[in-house]
Amino acid sequence: MPLWFAGVLRDGFALTAAGGYADFADVARDGLRRLLASAAPAAGHTGPDDPAGHVLAGFSGLDVHPDVPDGVRALRAAGYRLVTMTNGSAALTDGLLTRAGVRDCFDALWDVTGPRRWKPDPRSYAYVARQAGVRPADVMLVAVHPWDIDGARRAGLAGAWLRRGADADVYPRTMTAPTLAADDLGELAQLLG
């Protein structure tokens, strides 16, 4: 999974850097087919038993991290306006937030099909600010990926890093530091007061 996801990001970033664009699902499907074909040549096929399609379909059943519902509610109760911006699909995000019971806490769900530029391209972050009708300096991106925090910070946004995963205590020194860092959304809500 980590190898596949890293490849999806690499290919999406490369397309954006070269002036191209493809939807996350298409890039993800291509990456899965390549990985599956290298592991078992017959598995890279397409058709009714498309293994890559089967894996991607599983994304519609994922759940949010356990801290998300209470953290989102705390941020909303504190008066923060919440929107999403994903390199993935706004429709998948809608499903995640609906299943978690917090969809009503968000004003809008956006993805990179709007600007046709994958994050961390600065135009993606500018798109969010423009759509929300605010200045970039009035936006805080909350993310687990240091590359996303770095991109947001370089685009003039604040950035809150949620320390999740195996490398949770190691923020890359080569990237712009986050404005805030928290273990989860609940802690972030407390830090923002």
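Definitions and cut-offs
- Residues numbered from 1 in each chain as written.
- Predicted model: local features only at pLDDT ≥ 70, side-chain atom pairs only at ≥ 80, totals over all residues.
- Heavy atoms only, no water.
- Helix = DSSP H or I, 4+ residues; strand = E, 2+ residues; numbered from the N terminus.
- Expected span 1.5 Å × (residues − 1).
- Buried < 20%, exposed > 50% of the residue type's maximum accessible area, 1.4 Å probe, protein only.
- Contact = heavy atoms within 4.5 Å.
- Axes fitted to C-alpha atoms, helices over the stretch in contact; angles between N-to-C directions.
- Parallel < 35°, antiparallel > 145°, perpendicular 65-115°, else oblique.
- Left-handed = near helix turned anticlockwise from the far one by under 90°.
- Nonpolar A, V, L, I, M, F, W, Y, C, P; charged D, E, K, R; others polar.

Colleague: I keep staring at helix 1 (residues 2-17) and nothing clicks. Help me out?
Modeller: An α-helix turns once per 3.6 residues; consequently, residues spaced three or four apart project the same way. Taking 1.5 Å of rise per residue, 16 residues should cover 22 Å, and helix 1 covers 22 Å from first to last C-alpha, within 8% of that figure. Where helix 1 is concerned, the buried positions are Trp4, Gly7, Val8, Leu9, Asp11, Gly12 and Thr16. Elements that come into contact with the buried residues of helix 1 comprise helix 2 (24-39), helix 3 (51-57) and helix 7 (146-154). Phi turns positive one or two residues past the end of helix 1, at Gly19, with a value near 90°.

Colleague: Sorry, what's going on with the packing of helix 1 against helix 2 here?
Modeller: Packed helices, taken two at a time, are described by the angle their axes make and the gap between the axes. It is at 9 Å that the axes of helix 1 and helix 2 come closest, and there the two elements cross at 130°. Our classification of the angle between helix 1 and helix 2 gives oblique. Remark: the crossing between helix 1 and helix 2 carries right-handed chirality. Contacts between helix 1 and helix 2 pair Leu3, Trp4, Phe5, Val8, Arg10, Asp11, Gly12 and Leu15 from the former with Phe24, Val27, Ala28, Gly31, Leu32, Arg34 and Leu35 from the latter. Residue classes in the contact of helix 1 with helix 2 are distributed as 10 nonpolar, 2 polar and 3 charged.

Purely geometric stuff here, so don't read any function into it on its own.
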